[in-house]
Structures are given as structure tokens and as C-alpha cells.
Amino acid sequence: GNSVTQMEGPVTLSEEAFLTINCTYTATGYPSLFWYVQYPGEGLQLLLKATKADDKGSNKGFEATYRKETTSFHLEKGSVQVSDSAVYFCAPPRTSPGRRALTFGSGTRLQVQP
Amino acid sequence: GAGVSQTPSNKVTEKGKYVELRCDPISGHTALYWYRQSLGQGPEFLIYFQGTGAADDSGLPNDRFFAVRPEGSVSTLKIQRTERGDSAVYLCASSLRAGGPNEQYFGPGTRLTVT
């Protein structure tokens, strides 16, 4: 089943605003966690990952910290740009029966206005 | 280097027909995954291969869906007696190995429309 709860969108922000997209998950053990991004008309791309508890993944100004206490992996960016407009997916591994593939929430659509 | 490629990019078929979707993973990647994505939803897992064998096919919705990877590289997803509910974007991904910190690289997808 689905083991990820992600903030629903759309999220509309002005350029240079602060962004947080919440993600909580259920998991066995301490798996690697991923954020993927889907820009308009493009395929899914890995945005960042964290491979162990308290790890911080970062890329393109985005950050997410692996919080084992709260089983969360919230995505943040200090100053968004119009070019960040996309759909963002938090993707922990599936909980059952196998744990190799990823499970995705419905995604959070971000719209950044100039 | 070359990424994951999928063919065709679009496929329109009539209800009841058989379709094959092809995925060519990144060279050297031993794990290959199939997902499908309906409009406004996140990708949903179907099946993954480690080498030539299907290591987990628990996501296949029913026995009309089948996938193969005979030589451990290219994979084909096969759908028999297609139904309108099968319409979606079918995504393929590959990773160096399965699970753990190995990130999955996605192809552009095949948009399947069943009329």
C-alpha cells in the first residue's frame, strides 16, 4: 500500500518566497529517501536523496532532512524561482511486500509567479 | 551518456487489442522497474527486474499484464485485451542495483490511450 503522505497542492508562491512541502512516510528500518521533480512536459527527474537518518540531501537550492523521529522528509527552498514551477514527489520505498521499488504520493504542484 | 529510452512515445489502441511497450535502460543498470502514472497522480509500481528475473510483480493489476527482460537489458511490458482503464503513461526506470541508495532514472514514458 501507499506509505507516503504528501502535502496537497497546488502551492502558489511569489518569486523569492520560502517553500516547504511536507512529506511523512511509513517504513521498515531506515531506508533511503528521495524527492523527484516533474517539470512541465518532461519526465521524472531525481531532485535529491538522503541515505541515512539525519542526512540532509540538497540540490539546486532545495534541501530535505531525513528525520527518523518524525518519519518526515520535508522539502525546503529559501527562495523559489519561476523556473521551479513543477510537480514534486516524495518517494520512499514501498513497505510491502518488496521494498526495492518506490512509492509515490500524488505529488505537489508548485506554481511560482513573477 | 544515454538515458532510459522508451518506445513508442505514444500508442493509441482499440479496446480488446494487445500492446507491447518497450524500455531500454541505462547501460550497466541491473535493476529495471515499470510504473504507470494516471493523470494527476503519482507513479504506481507495477513490476521490477533484477537481471533477467522478475523480482517483484506484486504491482501488476491483473493477469492481462506481463513483462519480460530475457537478456537482462531491454524489457517489454505486454498488455492483453486492453481496457479503457489501462489508459495512462507507462514509465520505465533503471538503477545500478535494486533498492537502497541506488536512485532510479526514469524514461520519458509511453502514453497509452485505449479507445
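No experiment lies behind these values; they were computed from the predicted model shown. (Residues numbered from 1 in each chain as written. Chains lettered and ligands numbered in written order. Predicted model: local features only at pLDDT ≥ 70, side-chain atom pairs only at ≥ 80, totals over all residues. Heavy atoms only, no water.)

Caption draft 1: View of the nonpolar core. Formed by 25 residues in total, the largest nonpolar core has its most connected members in L19, W35, L47, L48, F73, L75 and Y88 of chain A. Counting residues per element, the ones that place at least two in this core are β2 (11–14), β3 (19–21), β4 (23–25), β5 (33–38), β6 (44–50), β8 (62–65), β10 (86–91) and β11 (108–113) of chain A. Core analysis: the second largest hydrophobic core is formed by 20 residues, I47, F49, A67 and Y90 of chain B among them. (Core = buried A, V, L, I, M, F, W, Y, C linked by side-chain atoms within 4.5 Å. Buried < 20%, exposed > 50% of the residue type's maximum accessible area, 1.4 Å probe, protein only. Helix = DSSP H or I, 4+ residues; strand = E, 2+ residues; numbered from the N terminus.)

Caption draft 2: Structural detail: the sheet that holds β3 of chain A. Residue and element names in this part refer to chain A. Strand order in this open sheet of four strands is β3-β9-β8-β7, and the pairing throughout is antiparallel. Unpaired on one side and paired on the other, β3 and β7 (56–59) mark the two borders of the sheet. Each strand axis lies, on average, 20 degrees off the axis of its neighbour in the sheet, ignoring direction. Note that β7 and β8 share four bridges and pair antiparallel. Each residue of the ladder has a partner; that of N59, found in β8, is F62. (Pairing = 2+ DSSP bridges. Axes fitted to C-alpha atoms, helices over the stretch in contact; angles between N-to-C directions.)

Caption draft 3: Representation of the pattern of salt bridges. Inspection of every chain in the model, using the stated rule, returns eight salt bridges over all chains. Between K52 of chain A and D55 of chain A there is a salt bridge, with the nearest N and O atoms lying 3.9 Å from each other. For E44 of chain B, the salt bridge identified is with R36 of chain B, shortest N-O distance 3.4 Å. Note on E44 of chain B: relative accessible area 42%, which makes it partly exposed. Linked through salt bridges whose partners overlap, the residues forming this network are R64, E83 and D86 of chain B. (Salt bridge = Lys/Arg side-chain N within 4 Å of Asp/Glu carboxyl O.)

Caption draft 4: Spatial organisation of the sheet that holds β2 of chain A. All names here are of chain A. Within the open sheet, the five strands sit side by side as β2-β11-β10-β5-β6. Their pairing is mixed. Pairing within the sheet leaves two strands with one partner each, and these edge strands are β2 and β6. Across the sheet, the mean angle from the axis of one strand to that of its neighbour is 25 degrees, orientation sign disregarded. In this structure, β5 lies alongside β6, joined through six bridges in antiparallel fashion. Bridge pairing in β6 places W35 opposite L48.

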